[in-house]
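Listed below, chain by chain, are the residues.
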Amino acid sequence: QVQLVESGGGLVQPGGSLRLSCAASGIIFSIYAMGWYRQAPGKERELVAHITGGGGSTNYADSVKGRFTISRDNAKNTVYLQMNSLKPEDTAVYYCNTLRGGIHYWGKGTLVTVSS
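Residues numbered from 1 in each chain as written. Predicted model: local features only at pLDDT ≥ 70, side-chain atom pairs only at ≥ 80, totals over all residues. Heavy atoms only, no water.

Let's talk about the side chain of Thr 110
On the secondary structure map, Thr 110 appears in strand S11 (residues 110–114). From its side chain, Thr 110 meets the backbone nitrogen of Gly 9 in a polar contact 3.1 Å long. With residues near it in sequence (within four places) discarded, Thr 110 still touches Glu 6, Ser 7, Gly 8, Gly 9, Leu 20, Ala 92, Val 93 and Tyr 94. (Helix = DSSP H or I, 4+ residues; strand = E, 2+ residues; numbered from the N terminus. Polar contact = N/O pair within 3.5 Å; in protein donor to acceptor, adjacent residues only side chain to side chain. Contact = heavy atoms within 4.5 Å.)

Some points on the state of the cysteines
Scanning the entire structure with this criterion turns up one disulfide. Here Cys 22 engages in a disulfide with Cys 96; their sulfurs sit 2.1 Å apart. In this structure the cystine formed by Cys 22 and Cys 96 twists about its S-S bond by roughly -85°; its chirality is therefore left-handed. Of this pair, Cys 22 sits in strand S3 (residues 18–25) while Cys 96 sits in strand S9 (residues 92–100); the two residues are 74 residues apart in sequence, bridging distant segments of the chain. Residue Cys 96 is classed as buried on the basis of its relative accessible area of 0%. (Disulfide = S-S within 2.5 Å. Buried < 20%, exposed > 50% of the residue type's maximum accessible area, 1.4 Å probe, protein only.)

This is how it looks when you write it as structure tokens:
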């Protein structure tokens, strides 16, 4: 049974930083690409960042390029999202995702609020 558990969200001022974590279980973690998505109130869920199983390739939404960094520690079955220079428009619930056997698996999400 695949399980993804996010943590690290919270309230931060504009310009601040947060690091999100997603702990995975039930999969051979190093094989699978992982993604971070977010969903703001009244908006559709969007892909923020993606990383391949070995961590050698990443890609980002244009809105976060240069500010967010996705990484993974396959020994800990964990993927991270380092978020710097946060803006109010980054406010959203952030979800961890992986695709296995044609099925998308999601965590329950962690709320990030950027506000002064």
